[in-house]
Amino acid sequence: MADIFDVIADATRRDILHILLERYNQARDAGGEISVSDIVIQLALSQPTVSKHLKVLREAGLVAVREEGQHRYYRLDYAPLEEIEDWLIPFLSVDFDVEAERAAAEFEAGLKDEQRAFAASIGKALADTSFQMAHAVKDATSRKWRKSD
C-alpha cells in the first residue's frame, strides 16, 4: 500500500477528495456519495484518468465505493485522514508565528546595525571629501589672491 502522503501529494487526487468532502457536506443523508461521471464532469478530465486516481484513493483507504449495476458511487472515508490529523496536531500546536516574528526581528536588528555602519562610513567619506574640497578651494583662492597682489 502506498504511503498516504504520496497518495495525497497528487493534485488531482486532492481535487477528488475535495469534491467528495463537498458532496458529504451537501448530502449527508445520501451518504455523501457521488458518481464517477459526476466527478469527471466537475474535474473536466477523462473517465479513465479519474478512475485511475479513484483506484489509488480506494487502495489507500481514503474512499469507499458502492456498485450499482454499471455505476460506481464513491464517498470519503475519514479514518486515514484522522490518522494524518493526529500526526499533524503536534506541529499545529507550535506557535510558528512567534518564531517567525522573532527571526524577523533578529534579521531586522542585524540589518539596522549594517545600515548604521554603512551610513557611518558614507558620512565619514562625505566629511573627508568635504574637508578636502574646502581646503582645495581655500588653497586655490589663496593662490589666486597672491597672484593678484
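Every residue gets a number counted from 1 within its own chain, in the order that chain's sequence is written. Local features in this predicted model are restricted to residues of pLDDT 70 or higher, and side-chain atom pairs are both shown and tallied only at a pLDDT of 80 or more, whereas totals for entire chains, interfaces and linings draw on every residue. By convention in this description, side-chain values take in all heavy atoms of the structure and omit both hydrogens and water.

Colleague: Explain the packing of aromatic side chains to me, using residue names and the numbers behind them.
Modeller: In this scheme Phe, Tyr and Trp rings, the latter by its six-membered ring, pair at centre separations within 6.5 Å, and the angle between planes marks the pair as stacked below 30 degrees, edge-to-face above 60, and tilted otherwise. Under the criterion given, the structure shown has three aromatic pairs. Judged by centre distance (5.4 Å) and plane angle (70 degrees), the ring pair of tyrosine 24 and tyrosine 78 falls under edge-to-face. One end of the pair, tyrosine 24, is in helix H2 (residues 11-26); the other, tyrosine 78, is in the loop between strand E3 (71-76) and helix H5 (79-92), with 54 residues separating them in the sequence. Judged by its relative accessible area of 29%, tyrosine 24 is partly exposed. For tyrosine 78, a relative accessible area of 28% corresponds to the partly exposed category. Taken together, the ring pairs in this structure connect Phe5, Trp87 and Phe91 into an aromatic cluster. Helix and strand definitions follow DSSP, with helices as H or I runs of at least four residues and strands as E runs of at least two, each counted in order from the N terminus. Using a 1.4 Å probe on the protein chains alone, a residue whose accessible area is under 20% of its type maximum counts as buried, one over 50% counts as exposed, and one in between counts as partly exposed.

Colleague: Could you give an account of H2, with specific residues and numbers?
Modeller: By this rule, a helix spans an expected 1.5 Å times one less than how many residues it contains. The end-to-end C-alpha separation of H2 is 22 Å, in line with the 22 Å expected for 16 residues at 1.5 Å each. Residues are treated as being in contact if the distance between any of their heavy atoms lies within 4.5 Å. Among the structural elements, helix H1 (4-8), strand E1 (34-35), helix H3 (36-43), helix H4 (47-59), strand E2 (63-68) and E3 are those in contact with the buried residues of H2. Pairs of N or O atoms within 3.5 Å make up the polar contacts considered here, provided that, within protein, one atom can donate a hydrogen while the other can accept it, and that residues adjacent in sequence are counted only when both atoms are side-chain atoms. Residue aspartate 10 occupies the N-cap position of H2, its side-chain oxygen lying 2.9 Å from the main-chain nitrogen of threonine 12.

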